[in-house]
Amino acid sequence: MRWDRLTFGIGLSYALLAWSMGYGAVIPELRDEVHMSASIASLHGSLFGICLLLLATVGRPLLEAASNRLLLALSVAGMFGGGVLFGFARTPALTLLGAGLSGAGAACLVIVVPAVIYAHQTESATEALAVLNTFPMLSSTLLPLAVGLAVAADVTWRVAYLAPLCLIGVGLIATSARSEVPDAAHAVPIGLGQLFRVPQFARRWAALACGVLVEIGTGIWAASIMVQQGGASKGIGALLTVGFFVGMGTGRLALANLLRRFSGSRVLIGSFVGVLISLVPFLLGPGLVGRVAGLTLLGLTLAAVYPLSISRLFQLHDDTEALGRAAALASGVGVTFGPLLLGAFSDVVGLGWATVVLPVFAVVGLLMIRPRAPA
């Protein structure tokens, strides 16, 4: 892949996405200030998935009418404006409005970026997607550390959240505001329903949804698993989840070298197998050390699933706008229902049994990418 202003700007946009919606690190402090219920607090994160589902299904007129450059600008404006509103808000209504704006901007970004990358980095799109997806991992690693240090120093979490948010926004404008953004090459348009009739599409789409569900479900519930199942304190439990994001970032940086030696399908199969293996110590131990090792290994093995699943979808048709909406729909399913399923089952049977959701969907994802036996 080649680095230029546009590519670096997309990376910063991904960093802005993860930072503006890093609610897991700040919600505990926010709840103490504005006294919101657990249901309202969880809704902040769900708005991203809801926006993904809405934009992917009914947002086609907007996506077709606007250029990729305008859509990227709108996505950045939504994430930045929503993050600023969330960071300054003092009522649940305003924090939810900020989360909704960030979620809409992030959904637009997730839909548009793959098409832009495939037009801009034609020869190395898979590598570019993998490397650019390390930027949100960096934000996900640094935000809880920044908030924790701020709270320890008796500084409001709002400073730790807002100051880097503004720095990322300024960096985006300074590096990429004047970049040329390619639109998708002319393609025969296809609807979402027609895409699912393309051979192999439904299976690859389902594998993407399963991968996102495992990733988001783990990211949201990892700290709770460390506390309730591993016996860590709340502060230590949150800190121990950093290994997951470090593993994800490392795995995505290493993906390009793996693809030079092995086919994408073999790497993806190996990733899902690695996910199933690493889920054992993460969910069962032994002890807290075993869970931390399993969680870190889980991040490392899961890292390839999202970028490779996206690339495999884009191999099946040349209408990148429709493919972007289909990929966003799969991501929306994972983002919305991953944490929801774990939460719902946890209320019924306890968190220990609820975590069975993760290996079940990892197995489904693996089955979806295995070559089908000839009839």
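A brief report on the enclosed structure follows.

Definitions and limits used
- Residues numbered from 1 in each chain as written.
- Predicted model: local features only at pLDDT ≥ 70, side-chain atom pairs only at ≥ 80, totals over all residues.
- Heavy atoms only, no water.
- Helix = DSSP H or I, 4+ residues; strand = E, 2+ residues; numbered from the N terminus.
- Rg over C-alpha atoms; globule rule 2.2 N^0.38 Å.
- Buried < 20%, exposed > 50% of the residue type's maximum accessible area, 1.4 Å probe, protein only.
- Contact = heavy atoms within 4.5 Å.
- Areas by Shrake-Rupley, 256 points an atom, 1.4 Å probe, with all protein chains shown as cover.
- Lys, Arg positive; Asp, Glu negative; His and termini not counted.
- Charge placed at Lys NZ, Arg CZ, Asp CG, Glu CD.
- Axes fitted to C-alpha atoms, helices over the stretch in contact; angles between N-to-C directions.
- Parallel < 35°, antiparallel > 145°, perpendicular 65-115°, else oblique.
- Left-handed = near helix turned anticlockwise from the far one by under 90°.
- Nonpolar A, V, L, I, M, F, W, Y, C, P; charged D, E, K, R; others polar.
- Salt bridge = Lys/Arg side-chain N within 4 Å of Asp/Glu carboxyl O.
- Core = buried A, V, L, I, M, F, W, Y, C linked by side-chain atoms within 4.5 Å.
- Phe/Tyr/Trp six-rings, centres within 6.5 Å; stacked < 30°, edge-to-face > 60°.

**Concerning the overall build of the chain**
Now for step 1: Scanning the chain for helices and strands turns up 19 helices and zero strands.
Now for step 2: Taking 375 residues into account, the globule formula puts the C-alpha radius of gyration at 21 Å, and the chain, at 20 Å, falls close to it.
Now for step 3: Taken over 375 residues, the chain has a buried fraction of 54%.
Now for step 4: For the chain, the proportion of contacts with a sequence separation of at least 24, taken over those separated by at least 6, is 82%.
Now for step 5: Of the accessible surface of the chain, which amounts to about 16,100 Å², a share of 68% is contributed by carbon and sulfur atoms.
Now for step 6: Across the chain, the 21 positively charged side chains and the 15 negatively charged ones have centroids separated by 8 Å.

**Section: the packing of helix 11 (residues 201-228) against helix 17 (residues 320-349)**
Now for step 1: The N-to-C vectors of helix 11 and helix 17 enclose an angle of 40 degrees; their axes lie 7 Å apart at closest approach. Between helix 11 and helix 17, the interaxial angle falls into the category oblique. When the axes of helix 11 and helix 17 are compared, the crossing they make is right-handed.
Now for step 2: Broken down by class, the residue content of the contact of helix 11 with helix 17 amounts to 20 nonpolar, five polar and no charged.

**Some points on unusual backbone geometry**
Now for step 1: Residue P286 follows G285 across a cis peptide bond; omega there is 20 degrees.
Now for step 2: For P286, the location among the structural elements is in the loop between helix 14 (264-284) and helix 15 (287-302).
Now for step 3: A positive phi angle is found at D154, which is not glycine, with a value near 60 degrees.
Now for step 4: Inspection of the secondary structure puts D154 in the loop between helix 8 (134-152) and helix 9 (157-176).
Now for step 5: Here the phi dihedral of Q200 falls at roughly 75 degrees; this positive angle occurs in a residue that is not glycine.
Now for step 6: Owing to a relative accessible area of 37%, Q200 belongs among the partly exposed residues under this scheme.

**Here's the deal with the pattern of salt bridges**
In a structure, side chains of opposite charge can pair up when their charged atoms sit close to one another.
Now for step 1: With the rule as written, the count across this model stands at five salt bridges.
Now for step 2: R158 serves as the salt-bridge partner of E33, at 2.7 Å between the closest nitrogen and oxygen. You can see E33 sitting in helix 2 (residues 23-34) and its partner R158 sitting in helix 9, a full 125 residues away along the chain.
Now for step 3: You can call E33 partly exposed: its relative accessible area is 33%.

**A word on helix 16 (residues 305-314)**
Now for step 1: The buried count for helix 16 comes to ten of ten residues, which makes it a mostly enclosed element.
Now for step 2: Regarding helix 16, the residues found buried are V305, Y306, P307, L308, S309, I310, S311, R312, L313 and F314.

**Let's talk about the nonpolar core**
Burial of nonpolar side chains together is a common tendency in soluble globular proteins.
Now for step 1: Formed by 78 residues in total, the largest nonpolar core has its most connected members in Y161, L195 and W205.
Now for step 2: The greatest single-element share of this core, amounting to twelve residues, is contributed by helix 6 (residues 92-120).
Now for step 3: Once residues within four sequence positions are removed from consideration, L195 is found in contact with I190, F201, H317, A322, L323 and A326.
Now for step 4: Core analysis: the next-biggest nonpolar cluster, separate from the first, contains 35 residues, A130, A207, F244 and L283 among them.

**A look at the side chain of E215**
Now for step 1: Relative to the helices and strands, E215 resides in helix 11.
Now for step 2: For E215, a relative accessible area of 15% corresponds to the buried category.
Now for step 3: Sequence-distant contacts of E215, that is, excluding residues within four places in its chain, are made with M137, F244, M248, R252, L302 and Y306.

**Focus on the packing of helix 13 (residues 242-261) against helix 15**
Now for step 1: Two elements in contact, helix 13 and helix 15, have axes separated by 7 Å at closest approach and are oriented at 30 degrees. Accordingly, the angle class assigned to the pair helix 13 and helix 15 is roughly parallel. Crossing angle aside, the handedness with which helix 13 passes helix 15 is right-handed. Contact with helix 13, carried on its side by G243, F244, G247, M248, T250 and G251, involves L295, T296, L298, G299, L300 and L302 of helix 15 and no other residues of that element.
Now for step 2: For the contact of helix 13 with helix 15, the class distribution of residues is six nonpolar, six polar and no charged.

**Some words on the packing of aromatic side chains**
Now for step 1: Counted under the stated rule, the structure contains ten aromatic pairs.
Now for step 2: Through a chain of ring-to-ring contacts, the aromatic side chains of Y23, F86, W157 and Y161 assemble into a single cluster.

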